[in-house]
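Chain and residue survey
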Amino acid sequence: MSFSVFLRGVVVTAEKNIRIYYKKAPVIIFGILFPLFMFISFYIGRDIDISRFFPGFLAMTLFFTASSVGPLITPWEKQAGTYERLLSYPVTVSTIILGDVAAGMVFGAFITTLVLTAGLIFLAISVFNIFIMVISVILGCLCFASLGVLLASPSSKAPSNVMMLSSLVRFPLIFISGIFVPLQELGWTGLFLSYLSPLTYLVDIFNACLNGTAMLPLAVDILGLAFFTCIFLVAANLLHKRNLIKGL
Amino acid sequence: MTFNFNQGLTIAQIITFTVTAITSVPLFSSYLRGVDTINPIFTHHLPVWFGFAFILIAIIKISIRKKLILNQLGLKDAWGNLNGKNEPAIEVSNLTKSFGRIIAVNGMSFTVSKGEIFGFLGPNGAGKTTTIRMLTGILAPDKGSIKIDGINLAKDPIRAKMVIGVIPEAGNVYGDLTAKQNLALTGRYYGLSKGHIAKRTEEILTALGLYERGDDFVRTFSKGMKQRVSIACAIIHEPKILFLDEPTEGLDVQSRRLIVDTIQRMNKLGCTVFLTTHNIEEANRLCEKVCIINKGKIAAIDSPEKLKSTFEKTQTIEISFNQRIDKEALSNEVIFGVESMGDKLRLHTDNPDKAVKYLVALAQEHGVEIVSLVTCGPSLEEAFLRLTGGGE
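The following refers to the structure shown. (Residues numbered from 1 in each chain as written. Chains lettered and ligands numbered in written order. Predicted model: local features only at pLDDT ≥ 70, side-chain atom pairs only at ≥ 80, totals over all residues.)

1. Let's talk about the overall build of chain B
Keep this limit in mind: Each helix is a run of H or I in the DSSP string that is no shorter than four residues. Each strand is a run of E no shorter than two, and both are numbered from the N terminus. Residues are defined as contacting one another if the C-beta atoms placed from their backbone atoms lie within 7 Å.
Secondary structure assignment for chain B yields 16 helices and 14 strands. Residue pairs at least 24 apart in sequence account for 69% of intrachain contacts in chain B once pairs closer than 6 positions are excluded.

See below:
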């Protein structure tokens, strides 16, 4: 397969997903409203320095938005009976997966940029390293969009089941990744668990870029995020192929 | 080299003619005139140049036989045979697929010729959908090979998928997109330009009676209209082979007619059609060849008429009287089965002549009128039932 044909398949799939799935209620609820309510419930009634926790909230926003589209697409397509037609087009399963990942990435990057811009304007936060910030937003979006697509791999025909599973996986991560409790304040067990979460590395990069304080060297954070991205992409590819026929 | 103009010229023959003509005409003309009008080197070394020409022809012929040049250029199908009707569009060999311990498709082999409408029939669970999913590259077979238009599906699935159009069994179109957006999306997957997509969209939606609703969301359409959008998506790129998995199932008469007309129109334009259906009568009317499968294996494969004639001894008579007649009274030595069909009776016989004479006499004897009487030859439905064990 030529690269141009492959790329065309990815782009068309991503465009299709953007047009159809961004407006779906689960994406808006789990992608936008959830992180917003989490932030409000944490912030209201407490005397905290919001700019100190802003990198964590930004990472949480990116995490929720980028990973909210992927779990929905495959179950929705199987339920609607459009998945078989999609497979009959000149695409492979890998093309479809990357198209789904791209849709999640664009959604995550757009909302994160909006929140970051609002933070820069209203909270007078400054970015220490714009280049690293841009790279980390892209890498973070890729990583968590891939996680979202991986979560869709059980291939249930009911999108609600997959969204439930995705909440089960995503919620614990935000409590162990240094968003609400800074990594420096975690005990050994907490720290060990936090290193198992890809979100930790993104929070640490954002802390470095926006607050100038990081727990780990930047290279380790970026490598950690890249490692999890590879794991999610490979696992999504394998599991989607294995469960292809389920629910068709 | 033999030429059969009824079957058309092969690419090998065309290239041989062309190369021979290009090399021979200037050489001969200069040789006969005895002057070096082209270049002295041509006439002085004439035998050598003839030798080169023949070697070149031989190389081209060998290359074509090995499908090197044409496969590389992707031209085999357009050039392989100008008629093409006798070339296989689909070649299936020893196709096998299991799900756990259940063998859904068991060593199936068949060929579909180019330009043919091929019916694929079988009872529920016989393996039709699994087979069509393997042929369209959705499922990978456990064993066996599939060639679509000469392209090995396992080795080059994208190229094979580019030449096919598919209406899957559960092949809905996107309800959140309009009919035109669905077609544009499909066209873009096949790499069509915007202009071409717009032109084809207008053509197809008009032909399918949907142009006025082109900008409406598909979720607002009826089942028949959705299926028409589905077939529009399958043909927007003018595929060489069209796969349809029960395309008219559960549709209204108008939609069914439009879809059947579209299938026939595509076929007239040279498209090969692979059709699975439960509607035996539809297969009988549309298909040049039918394959009946049962329990994952081919039970029979032939033209509908030949399949019917396999069961020639059984014929039926459909008769309707103006009064009710006891079914028992109709049975005799030539009528060996009577069944009710609404206000008619269907009688099975191996001697229609004697049976009709008997029925006329019986009507006179009972003082009843015959409202209608039709003799029917052996049906494809009967062949289907016999082959799949449904008639036992």
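Anyway, onward from the coordinates.
2. Quick look at the sheet that holds strand β14 (residues 370–376) of chain B
Adjacent strands of a sheet form backbone hydrogen bonds with each other and so pair up, either parallel or antiparallel. Residues and elements named next belong to chain B. In plain terms, the rule: Strands qualify as paired when DSSP identifies two bridges or more between them. Fitted lines through C-alpha atoms give the axes, limited to the stretch in contact for helices. The angle between two N-to-C directions lies from 0 to 180 degrees.
Ordered by their spatial adjacency, four strands build an open sheet running β12-β13-β11-β14, and the pairing between neighbours is antiparallel. Where the open sheet ends on each side, the last strands, each with one partner, are β12 (335–341) and β14. The mean inter-strand angle of the sheet, taken between neighbouring strand axes irrespective of direction, is 20 degrees. One ladder, built from six bridges, connects β12 with strand β13 (residues 344–349); its direction is antiparallel.

3. Concerning the sheet that holds strand β9 (residues 289–294) of chain B
Residue and element names in this part refer to chain B. One open sheet accounts for six strands, arranged β6-β7-β8-β3-β9-β10; its pairing is mixed. Taken across any chain shown, the strands that pair with only one partner, and hence form the sheet edges, are β6 (164–167) and β10 (297–302). In this sheet, adjacent strand axes meet at a mean angle of 15 degrees when their direction is disregarded. One ladder, built from four bridges, connects strand β3 (residues 117–121) with β9; its direction is parallel.

4. Brief notes about the packing of helix α8 (residues 179–189) of chain B against helix α10 (residues 223–235) of chain B
All names here are of chain B. Applied cut-off: Orientation labels follow simple angle bins: below 35 degrees gives roughly parallel, above 145 gives roughly antiparallel, 65 to 115 gives roughly perpendicular, and whatever is left gives oblique. Two helices that cross are described as forming a left-handed crossing if the nearer one is turned anticlockwise from the farther one by less than a right angle, and a right-handed crossing if clockwise.
Between α8 and α10, the least distance of the axes is 9 Å, while the angle of their chain directions is 25 degrees. In this view, α8 runs roughly parallel relative to α10, as classed from their interaxial angle. Here the hand of the crossing between α8 and α10 comes out right-handed. Taken together, the residues of α10 that come into contact with α8 (itself represented by A179, N182, L183 and T186) are V229, A232 and C233.

5. Here's the deal with the interface of chain B and chain A
As a reminder of what qualifies: For this classification, Asp, Glu, Lys and Arg are treated as charged, while Ala, Val, Leu, Ile, Met, Phe, Trp, Tyr, Cys and Pro are nonpolar and the rest, including Gly, are polar.
With 22 residues of chain B at the interface, the matching set in chain A holds 21 residues. Considering each element in turn, the side of chain B that touches chain A owes the most residues, four residues, to helix α7 (residues 157–162) of chain B. For the side of chain B that touches chain A, the class distribution of residues is 14 nonpolar, five polar and three charged.

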